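In case you want the letters, here they are:
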Amino acid sequence: MKNPFLPLKAVITDIKVETTDVRTYSLLLRDGEYKPEPGQFNMVGYPGVGEAPVSLSSIVYENRFQHTIKAVGRVTKFIERLTEGDEIFLRGPYGSSWPLKSAVGQDILLVAGGVGIAPMRPVIQEILSKRDSFGNITLIYGARRPDNILFKDECEVWQKDSTVFLTVDEVPSHMIWSYHIGLVTELLDKAAFHVEKTFAFLCGPEIMMRFVSRGLFLRGFLPSRVYVSFERRMKCGIGQCGHCQHGSQFVCKDGPVFLYKDVSRFPDSLL
Ligand SMILES: Cc1cc2nc3c(=O)[nH]c(=O)nc-3n(C[C@H](O)[C@H](O)[C@H](O)COP(=O)(O)OP(=O)(O)OC[C@H]3O[C@@H](n4cnc5c(N)ncnc54)[C@H](O)[C@@H]3O)c2cc1C
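Not measured: the values here are computed from a predicted model. (Residues numbered from 1 in each chain as written. Predicted model: local features only at pLDDT ≥ 70, side-chain atom pairs only at ≥ 80, totals over all residues. Heavy atoms only, no water.)

Asks: Sorry, what's going on with the sheet that holds strand β9 (residues 163-168) here?
Replies: Across a sheet, paired strands are connected by hydrogen bonds in the backbone, their directions being either parallel or antiparallel. On the basis of which strands lie adjacent, the open sheet formed by seven strands has the order β10-β9-β8-β7-β11-β12-β15 and mixed pairing. At either margin of the open sheet sits one strand with a lone partner, and together these are β10 (180-181) and β15 (257-259). In terms of strand pairing, strand β7 (residues 107-113) meets strand β11 (residues 198-203) through six bridges, oriented parallel. Across the sheet, the residue bridging to Ile108 is Phe199, located in β11. Against the sheet, helix α4 (residues 206-218) makes contact with β7, β11 and β12 (226-229), and its axis sits at roughly 165° relative to β11, the strand it touches most. (Pairing = 2+ DSSP bridges. Helix = DSSP H or I, 4+ residues; strand = E, 2+ residues; numbered from the N terminus. Contact = heavy atoms within 4.5 Å. Axes fitted to C-alpha atoms, helices over the stretch in contact; angles between N-to-C directions.)

Below is the structure:
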């Protein structure tokens, strides 16, 4: 039987510095066939250092894909010091994915906060590669400051085939910002959507997802159409260790993409 804890080796082919503490790593997996769905994650790490769950931030093409990682602690700060040509170790793909098959022919509203745009990017890439299969696409993306906005150039490209709203909490006096200033919830009224034919996918801080979900329900969204990507600390990634377990649900195995109504019941949830 194959050992599920045995990692695969990937080589870093390119590193793009997105912000002071966020980088996008282009990776090539030399062995195996790798077919993740948008929304799934890998356990990414290095022997002797540890592993961290990280969402795919791109679709996969011939075993090439990207991870966009904010350096916050032990594993992610170690990864930040790696350079092109270095190897990285990963296990996956794990977890549930965004329900894109159910959303064919429908409108999609994507709401992202901070690094929460990373797991949304493969959704956008997938939709744009099959643009005629979907209805209206709207992205509302918020970050703390203009220099925290990820994939800004791509947002401008996405705008050609979808509606993109950008917002920040604050704009320091030396920065130029021509988009909205304020919370992502303030933009819900600007985005015109038909609740009966729109799926909403949310990813970002739990408090943001709570207020956005409530805003959507007030506008008539059905609970069966609002999905969130839910982050929890996890160790094994495969439903064995119980670190991310809530009742009968494992965030690593049953999530990270859940219907909002399912995770809002978790005892420590802010949703
Ligand atoms: C399914 C999933 C997908 C994710 N995708 C991405 C991604 O695409 N890009 C990205 O940058 N990050 C992502 N994360 C978050 C990432 O896993 C954590 O930032 C990482 O585990 C931190 O590990 P570390 O060893 O660097 O930090 P540590 O040394 O473990 O901790 C550093 C600090 O961050 C806190 N922390 C660590 N992990 C979490 C967590 N999950 N929730 C709350 N606080 C935490 C710690 O309490 C501590 O304060 C994802 C998490 C999950 C569960």
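That shown, we press on.
Asks: How should the sheet that holds strand β3 (residues 41-46) be read in this particular structure?
Replies: The strand order β4-β3-β6-β1-β2-β5 describes an open sheet built from six strands, whose pairing is antiparallel. On the outer flanks of this sheet lie β4 (50-55) and β5 (64-70), each paired with one strand and no other. For this sheet, the mean angle separating the axes of adjacent strands, direction not counted, is 40°.

Asks: Please clarify how the pattern of salt bridges should be interpreted in this entry.
Replies: Pairs can form between side chains of opposite charge whenever their charged atoms are close. Scanning the entire structure with this criterion turns up 14 salt bridges. Close ionic contact of Lys130 with Glu126 constitutes a salt bridge, the shortest N to O distance being 2.6 Å. (Salt bridge = Lys/Arg side-chain N within 4 Å of Asp/Glu carboxyl O.)

Asks: Explain the packing of aromatic side chains here, please?
Replies: The relation between two aromatic rings is expressed through the spacing of the ring centres and the mutual angle of the planes. Enumeration over the complete set of coordinates arrives at eleven aromatic pairs. With a centroid separation of 6.0 Å and 65° between ring planes, the pair formed by Phe41 and Tyr94 is classed as edge-to-face. Of this pair, Phe41 sits in strand β3 while Tyr94 sits in strand β6 (residues 87-94), and the two are 53 residues apart along the sequence. Using a relative accessible area of 3% as the deciding quantity, one classes Phe41 as buried. Taking the centre distance of 4.9 Å and the plane angle of 45° together, the rings of Tyr46 and Phe78 count as tilted. Here the residue Tyr46 occupies a position in strand β3, and Phe78 occupies one in helix α1 (residues 74-80), the gap between them amounting to 32 residues. Three or more aromatic residues joined by ring pairs make a cluster, and in this case those are Trp98, Phe199, Phe201 and Tyr227. (Phe/Tyr/Trp six-rings, centres within 6.5 Å; stacked < 30°, edge-to-face > 60°. Buried < 20%, exposed > 50% of the residue type's maximum accessible area, 1.4 Å probe, protein only.)

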